[in-house]
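Working through the structure, step by step
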Amino acid sequence: MKLPISIIFRKKNYRSKAFLAAFNCIHHQLKYSSYLTKSVFVSESNDIFANLALEDWFYQHYDFTQHQVLLLWRNRNCVVVGRHQNPWLETNLNSNDDLIVARRNSGGGTVYHDMDNLNLTFFTPRDLYDRRHNLEIITNSVKKEWSLDCEVNSRDDIVYEEFKISGTASKLSRKSAYHHCTLLVDANKKRMSAALHNFQKNIITNATRSTPAPILNLRELNPSITIERLMTVVGLQYMRTIPSINTKQIESVKAKGFRFVSPEERYFPGLDEKIENFQSWQWRFGRTPKFTVKASSSMSEIFAKSVSSEQTEIDIDVEAGIVKNISVNVPPSFIPFVTNDELKNVTMSYVERQYSDDLLSIVKEHVFQLFRNKVNDQRLSNVL
């Protein structure tokens, strides 16, 4: 039985916090039966875009009130940035030609995925959302099976001593919620470091920034740990665990077992459209919060024999991944030799184009070449 949500309290005394709290408690108890069904779904795809789409499909279309789900999934090499992050700041896009960059729907920092990294998504109704409870299912599983004392820290990361083993993020709507996390089993740390290397890129932005931390693979602690066994022990622990929040009326969990799922349109109507969206440049890069790239160069960088310490400054303003403006501020002593129209001719061809990681160096070289073309001017030679 479910009570109607849209109840209007017309009398003032019915608006008291005590009354509303009592009403919510009664409604919550009637919403859940004495047992809860749980399933573990294992994605058969290793494609990041298909798995992100599958995750979003469950979130949008599935009713988790009486049937909660743990989704287990793995991906081929990729980097996944948070919903509000800047991929040009968070990733080394030139680290490897086949490195895929994806953007997920949840917030948080950037993570690296490969086939030795396990991803877990816990789906619940909004009022049973509990990240720490989910993470303790994982730590209890690892403790019971391999006697490893991993802990959940204040940031809701799973750590072993000072080393991070799992990062976490979540998304909540009015009815449903999901909490997902990575679990490093035997990930390629060298490739991860190259992909996430934080070069100084002089990007000014309000986008969410990742928090670096030392990492550790579970197999470094116990070489007998495998992805397959880990999926089994965590899945079994999940299905036998009763939710922790306001569920005294839930007396038992009915385990539906493990089920392989294939992210295909015929099984999940509308999935192809979601996959296409996650693959699109507009979602992966165009959803980046606006930012400015700043750079300055001395005259000696432009002219090898220059003794001038004056700087040329270049600013590139980017919105929705598109270059909106490029400004070049030349040293005062150069103003007589380089006109605004000349600088504009150099920069305007790049405005309203998609930003790329190498754009700054390209613009700098074109501006520098404009300066070098003036070197025969005797007055400029005197300045240098």
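Treat the numbers as computed from the prediction; the structure is a model and nothing was measured.

**Some details on the pairing of strand E9 (residues 163-166)**
The pairing of strand E8 (residues 158-160) with E9 spans three bridges and is classified as antiparallel. In the strand pairing of E9, Val159 is matched with Lys164. In this antiparallel pair of consecutive strands, E8 and E9, the connection spans two residues, and Glu161 shows a positive phi of 55°.

**Some remarks on the side chain of Thr241**
Its place among the elements puts Thr241 in the loop between helix H7 (227-240) and strand E13 (252-261). Of note is the side chain of Thr241, whose polar atom sits 2.5 Å from the backbone oxygen of Gln237. Not counting residues within four places of it along the chain, the set of residues in contact with Thr241 comprises Lys38, His133, Ile137 and Val253.

**Some remarks on the pairing of strand E15 (residues 311-319)**
Of the pairings in the sheet, the one linking strand E14 (residues 291-298) to E15 comprises eight bridges and is antiparallel in character. Across the sheet, Thr292 pairs through a bridge with Asp317, a residue of E15. Pairing analysis gives seven bridges linking E15 to strand E16 (residues 322-329), with the strands arranged antiparallel. Counted as the bridge partner of Ile316 is Ile326 from E16.

**A few points about the sheet that holds E9**
Pairing in this open sheet of three strands is antiparallel, and the strands run E7-E8-E9 from one edge to the other. A strand with exactly one partner marks an edge of an open sheet, and here the two such strands are strand E7 (151-152) and E9.

**Let's talk about the environment of Arg76**
Along the chain, Arg76 turns up in the loop between strand E2 (67-73) and strand E3 (78-81). We classify Arg76 as partly exposed; its relative accessible area is 48%. A sequence separation of 37 residues divides Arg76 from His113, and the C-alpha atoms of the two residues are 6.8 Å apart. Contacts of Arg76, omitting those with residues within four sequence positions, involve Asn46, Asp47, His113, Asp114 and Met115.

**With respect to the pattern of salt bridges**
For the structure shown, the criterion picks out 13 salt bridges. A salt bridge links Lys164 to Asp157, with the nearest nitrogen and oxygen atoms 4.0 Å apart. Note on Lys164: relative accessible area 21%, which makes it partly exposed. Among the salt bridges present, the one from Asp186 reaches Arg219, with a minimum N-O distance of 3.5 Å. Separated by 33 residues along the polypeptide, Asp186 in the loop between strand E11 (176-184) and helix H5 (189-195) and Arg219 in helix H6 (residues 218-221) bring together distant segments of the chain. Taking the relative accessible area as the measure of exposure, Asp186 reaches 34% and is therefore partly exposed. Residues joined by salt bridges that share partners form a network here, namely Arg155, Asp157 and Lys164.

**Topic: a negative patch on the surface**
On the surface, Glu265, Asp272, Glu273 and Glu276 cluster together into a negatively charged patch. Position of Glu273 among the secondary structure elements: in helix H8 (residues 271-279). Classification of Glu273 as exposed rests on a relative accessible area of 63%.

**Here we look at the sheet that holds strand E6 (residues 117-125)**
Taken together, the six strands give an open sheet; going across it, the order is E10-E11-E6-E2-E1-E13, and neighbouring strands pair in mixed fashion. The outermost strands of the open sheet, each flanked by one partner alone, are strand E10 (168-172) and E13. The average angle at which neighbouring strand axes cross in this sheet is 15°, direction not considered. Helix-sheet contacts for helix H2 (residues 48-61) involve strand E1 (35-43), E2, E6, E10, E11 and E13, and the interaxial angle to E2 is about 175°. Helix H4 (residues 131-146) rests against E6, E10 and E11 of the sheet, and its axis sits at about 35° to E11.

Here is what the cut-offs are and how they apply
- Residues numbered from 1 in each chain as written.
- Predicted model: local features only at pLDDT ≥ 70, side-chain atom pairs only at ≥ 80, totals over all residues.
- Heavy atoms only, no water.
- Pairing = 2+ DSSP bridges.
- Helix = DSSP H or I, 4+ residues; strand = E, 2+ residues; numbered from the N terminus.
- Polar contact = N/O pair within 3.5 Å; in protein donor to acceptor, adjacent residues only side chain to side chain.
- Contact = heavy atoms within 4.5 Å.
- Buried < 20%, exposed > 50% of the residue type's maximum accessible area, 1.4 Å probe, protein only.
- Salt bridge = Lys/Arg side-chain N within 4 Å of Asp/Glu carboxyl O.
- Patch = residues over 30% accessible without salt bridge, like charges linked within 9 Å, V, L, I, M, F, W, Y side chains within 5 Å.
- Areas by Shrake-Rupley, 256 points an atom, 1.4 Å probe, with all protein chains shown as cover.
- Lys, Arg positive; Asp, Glu negative; His and termini not counted.
- Charge placed at Lys NZ, Arg CZ, Asp CG, Glu CD.
- Axes fitted to C-alpha atoms, helices over the stretch in contact; angles between N-to-C directions.

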